[in-house]
Amino acid sequence: MIPKKITFWGGPYLFILPCFVVYALFLLTPLFGTFAFSLTRWDGISFDNLRFIGLQNYKELFFDDPTFWLALRNNLVFVGGAVVFQCILGLAVALLLEQKLVLGNFFRGTYLIPFTISLVVIGIVFESILNPSLGVLDKVLTSIGLEEFTGLGLWLGKAKKAIWILIFIQAWYGFGWSMLIFVSRLKAIDPQLYEAARVDGATEWQKIVFITIPLLKSITAVVVLFATMWAMKIFTIPYVVTRGGPNHATEVLATWAFSHGLSYQHIGYGSTIAVVLVVIAMIIGSLLFRLTGMGKAQE
Amino acid sequence: MKKKGKMSKSISISLTIVFMLGIVGLVGQAIAAEQVTINLWTQYNDPQDRKAIEYIINVFEKENPEVKIGHRIMPNYESDQMIRTVFAGGNPPDISLSQDPYTMSKTFEAGKIMDLTKWYAQYGDRFPESAKGVSRKEGKYFGVPDTMLTAAHMFYNKKLAKSLGVTEPQNYTEFLEVCEKAKNQGVIPLAFGNKEGWTGGTLYQMYLFETVGLKGINDMIDRKDPEQGPYFTDPGFIRAAKYFNDLHEKGYLSEGVAITSFDASKMEYLGGKALFFFTGSWYSSFDFPPDFEWGFFRFPHIIGELGYNRDEGLVAYLGKMQIATTTSHPELCLKFLEVFSRPDVMHDSFFEMGKYLPAVAGAVKPEELTEFQEAMVAFARTNTGSCGFMEPELPPAVGMGQVWTGLTAISADEITPLEFCESVEKVYKKELVR
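What you see as residue numbers is a count from 1 along each chain, following the sequence as written. Each chain gets a letter, beginning with A, and each ligand a number, beginning with 1, in the order they are written. This being a predicted model, a pLDDT of at least 70 is required before a residue's local features are given, and a value of 80 or more before pairs of side-chain atoms are given or counted; all residues contribute to the totals for chains, interfaces and linings. By convention in this description, side-chain values take in all heavy atoms of the structure and omit both hydrogens and water.

1. A closer look at the overall build of chain A
Here's step 1: Helix and strand assignments come from DSSP, with helices taken as H or I runs of at least 4 residues and strands as E runs of at least 2, each series counted from the N terminus. Secondary structure assignment for chain A yields 13 helices and two strands.
Here's step 2: With the principal axes as the frame, chain A shows a C-alpha extent of 80 × 75 × 30 Å.
Here's step 3: Between buried and exposed lies partly exposed: a residue is buried under 20% and exposed over 50% of the maximum accessible area for its type, with that area taken using a 1.4 Å probe on protein chains only. The 299 residues of chain A split such that 44% are buried.
Here's step 4: Where accessible areas are quoted, they stem from the Shrake-Rupley method and a 1.4 Å probe; at the residue level, only the protein chains shown are allowed to cover. Accessible area for chain A stands at about 16,800 Å²; split by element, carbon and sulfur atoms hold 72% of it.
Here's step 5: Within chain A, one finds 21 positive and 16 negative side-chain charges whose respective centroids are separated by 7 Å. Only four residue types enter the tally: Lys and Arg on the positive side, Asp and Glu on the negative side, with His and both chain ends excluded. For the purpose of locating charges, the reference atoms are NZ of Lys, CZ of Arg, CG of Asp and CD of Glu.

Pasting the structure below:
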């Protein structure tokens, strides 16, 4: 029996309350705490040294820190890379695997494996593979007569190239997840639609363009949103593989916030970078929400 | 009837067993309640270091059966950050090992690390003055050093040197000549990876001993005023950066030096691919020691530089055990430090197992020293002046920040030595203003 009047304690709010308490305790409180720290100068050693400095950290960040802008640009490059490589590759592989391939299930599982491995491990493994002196990649390429392609690992030491290796690693790590999400939606498409199209004389390509892709629209938005958010908060791969170098060329906002907040004992300044990262991520997230029509009721 | 009796008998037995178990559990809990746990965080990651500290923990626990040491090993590169963070968070472990003198002396000033002056009055004569000096701040002691480290020697593969037809260089010019010969014969002259930056920091400091001398380095560490020198843009500091850059420009270092880690360069050397290897005295403690005959010589002095006629270098007692003032068991922590610094315990652990020279005087008899350790001791005794690692003495944003990042950038050909010095100076000035 549904009560006529929904009260605070008897209604849906009661059910939301436990989650909200956890959310407030572990997300909102640290978030507000970080914002509060961003208005201070503090070395993290003693609270006696904590000084309120207003928006000075923000001023320094926006007007006197070229590394911040470099890190922001790198984050956006990661976002682009994640959307282009991770999502498109995931979609392409998902479509291929739906063609009833031999060993299709095996490949489906195999492509997901990178996503289950710790990013730290992935970083270390790639670092070992790419090492110019001891890595296996160059040895394999040389042994099969592809010497002109050796030296890829040296890209990690070049400011303009290093980030592309990191984007590749990130895409390799994440495309299996995108594929899985696309596959789950593909499985839910009514086969009668394809059958009807076949009767009407549609080719395989037309089926993909006019049935599959339009029906993947909502799930694509989810995949793009997640890939974007992961790319915005990316930390482990640049930290493990290049430590943000050379000369900050692969620095991202999270590593820069970490360096200041924890390594350099600039708790206030590190918090400022973290706050800006959250705000930018929120803006991009909201834009994606609006542009893709996510959150709207299904007709 | 008989069946019922049997059943009640088994129920009684079961209940008795449950009761007994309960009693055992209660007694166990009572014993456990009496047992005290002391949290110890260290960065003894390498197998031999781990064995050494576990040996010490065992000695302590045997002597104090009511105490359990909860030992946590932190990852080496992140350990100092972890220690800083945990002290900032207000819940540090009872005892911790730090290699970050800059922050820890400030943490001590803030009253978060225990004053060990009384403890030193009782056990201080176990240490040489040089070890005590680095554990002291304005007459008060805040840490107990573990081992002595030096970075004053260059190591080489004797077999490879013989096959290349080269001998130990007597000065830097000769060293460069040998490097050229090795390079021309397809051998990496100097195995050197600078991905992490600290390796570059140590090598840069060796050049600084030559170009600005010990006083120049100490003045830089002690600098308080942003408008007063010495500056990183002073000629000696730039020259040292140029020497550092030259090695890489001439192709004497490992390929991809900026992305090669210390461990990878170590593997190049141990694998017989490189002639020289520059590192600190922990060379003798490697978990995989070289399986070839190796030699060592004093880091070559540069003709015409300040350091040529001097014998200044790096002698450090970097790792220090410290007690947090928040501990509930200060007496037990002090007791642990007593066991930790006992000469016989240090001998059996860090010397025997870790192949380190303990900071504790008299822990090792002279006849037990290897040839290299003898040279270390001789250098520590006879040098004309020494100091510890420069970067951890500087503010973290300068030393472990811009110095490391900048030297890696030099190795990657991304900045020039002058740009490196300017960037470090800029950050240092900013830090001094803060």
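2. Overview of the interface of chain B and chain A
Here's step 1: The partner chain A presents 32 residues to the 37 residues of chain B that form the contact.
Here's step 2: Buried area: the accessible surface (1.4 Å probe) lost by two parts on joining, summed over both. Both sides together, the interface formed by chain B and chain A hides about 3,000 Å², and carbon and sulfur atoms give 51% of it.
Here's step 3: For chain B, the biggest contributors to the area lost against chain A are Lys 195, Ile 259 and Arg 434 of chain B; these three give 24% of the whole.
Here's step 4: Across the salt bridge formed by Glu 60 of chain A and Lys 430 of chain B, the nearest N and O atoms sit 3.5 Å from each other.
Here's step 5: For the side of chain B that touches chain A, the secondary structure elements donating two or more residues are helix 3 (79-88), helix 4 (101-109), helix 12 (262-270), helix 16 (397-411) and helix 17 (417-433) of chain B.
Here's step 6: Take the side of chain B that touches chain A: its biggest share by element is five residues, from helix 16 of chain B.
Here's step 7: Here the term charged refers only to Asp, Glu, Lys and Arg, the term nonpolar to Ala, Val, Leu, Ile, Met, Phe, Trp, Tyr, Cys and Pro, and the term polar to all other amino acids, Gly among them. Each residue belonging to the side of chain B that touches chain A can be placed in one class, and the counts come to 13 nonpolar, 10 polar and 14 charged. In this description, contact between two residues means that some pair of their heavy atoms is separated by no more than 4.5 Å. Salt bridge, as applied in this entry: a Lys or Arg side-chain nitrogen positioned within 4 Å of an Asp or Glu carboxyl oxygen.

3. As for helix 2 (residues 47-63) of chain B
Here's step 1: Taking 1.5 Å as the rise per residue, helix 2 of chain B with 17 residues should run 24 Å; its terminal C-alpha atoms sit 24 Å apart, in good agreement.
Here's step 2: Buried residues belonging to helix 2 of chain B abut strand 1 (36-42), strand 2 (67-73), strand 13 (320-323), helix 13 (330-340) and helix 14 (343-351) of chain B. Take the number of residues in a helix, subtract one, and multiply by 1.5 Å to get its expected span.

4. Topic: the packing of helix 2 of chain B against helix 13 of chain B
Residue and element names in this part refer to chain B.
Here's step 1: At their nearest, the axes of helix 2 and helix 13 sit 10 Å apart, and the two run at 125° to each other. Here helix 2 lies oblique to helix 13, going by the angle between them. Helix 2 and helix 13 meet at a crossing whose hand is right-handed. Mapping the contact onto sequence places Ile 53, Ile 56, Ile 57, Val 59, Phe 60 and Glu 63 in helix 2 and Leu 332, Lys 335, Phe 336, Val 339 and Phe 340 in helix 13. To define axes, lines are fitted to C-alpha atoms, for helices over the stretch in contact only, and angles between the resulting N-to-C directions are given on a 0 to 180 degree scale. Angles are sorted into four bins: roughly parallel if under 35 degrees, roughly antiparallel if over 145, roughly perpendicular if 65 to 115, and oblique for all others. Left-handed is the label given to a crossing in which the near helix is rotated counterclockwise from the far helix by less than a right angle, and right-handed is the label when the rotation is clockwise.

5. Some remarks on the domain arrangement of chain B
Residues and elements named next belong to chain B.
Here's step 1: The domains assigned to chain B are domain 1 (38-145 + 318-358) and domain 2 (150-315 + 387-433).
Here's step 2: As annotated, the domain borders come from an automatic or database domain assignment. Between domain 1 and domain 2, the C-alpha centre-to-centre distance is 29 Å.
Here's step 3: Taken together, the 13 residues of domain 1 in the interface contact 15 residues of domain 2.
Here's step 4: Taken over both partners, the interface formed by domain 1 and domain 2 buries close to 1,000 Å², and the fraction arising from carbon and sulfur atoms is 61%.
Here's step 5: The interface formed by domain 1 and domain 2 includes zero salt bridges.
Here's step 6: Any pair of N or O atoms that falls within 3.5 Å is considered a polar contact. Within protein, one atom must be able to donate a hydrogen and the other to accept it, and sequence-neighbouring residues count only if both atoms are side-chain atoms. On the surface where domain 1 and domain 2 come into contact, there are five residue pairs in polar contact (both at pLDDT 80 or more).
Here's step 7: For the side of domain 1 that touches domain 2, the secondary structure elements donating two or more residues are helix 2 and helix 4.
Here's step 8: Take the side of domain 1 that touches domain 2: its biggest share by element is three residues, from helix 4.

6. Some thoughts on helix 5 (residues 119-130) of chain A
All names here are of chain A.
Here's step 1: Here helix 5 is 12 residues long and its end C-alpha atoms lie 16 Å apart, about the 16 Å a rise of 1.5 Å per residue gives.
Here's step 2: Looking at helix 5, one finds that the buried residues are Ile 122, Gly 123, Phe 126, Glu 127 and Leu 130. Here the buried residues of helix 5 occupy an arc of 130° about the axis, which is enough to place them on one side.
Here's step 3: For helix 5, the secondary structure elements touched by its buried residues are helix 4 (104-116), helix 6 (136-143), helix 7 (162-188) and helix 11 (236-241). Note that the arc is defined by the directions from the helix axis to the C-beta atoms.

7. Focus: the packing of aromatic side chains
Residue and element names in this part refer to chain B.
Here's step 1: Each Phe, Tyr or Trp ring (for Trp, its six-membered ring) is paired with any other whose centre lies within 6.5 Å, and the angle between the two planes then decides the class: stacked below 30 degrees, edge-to-face above 60, tilted in between. Summed over the entire model, instances satisfying the criterion amount to 61 aromatic pairs over all chains.
Here's step 2: Judged by centre distance (5.1 Å) and plane angle (45°), the rings of Trp 119 and Tyr 123 are tilted. One end of the pair, Trp 119, and the other, Tyr 123, are both in helix 5 (residues 117-123), four residues apart, so they sit about a helical turn from each other. Of the two residues, Trp 119 and Tyr 123, neither departs from the other in class, the shared state being buried.
Here's step 3: Only when the NZ atom of a Lys or the CZ atom of an Arg is both within 6 Å of the ring centre and within 35 degrees of the ring normal do we say a charge sits over the ring. Over the ring of Trp 41 we find Arg 72, and its NZ or CZ is 4.4 Å from the ring centre.
Here's step 4: Seen from the ring of Tyr 428, Arg 223 lies directly overhead, with NZ or CZ sitting 5.0 Å from the centre.

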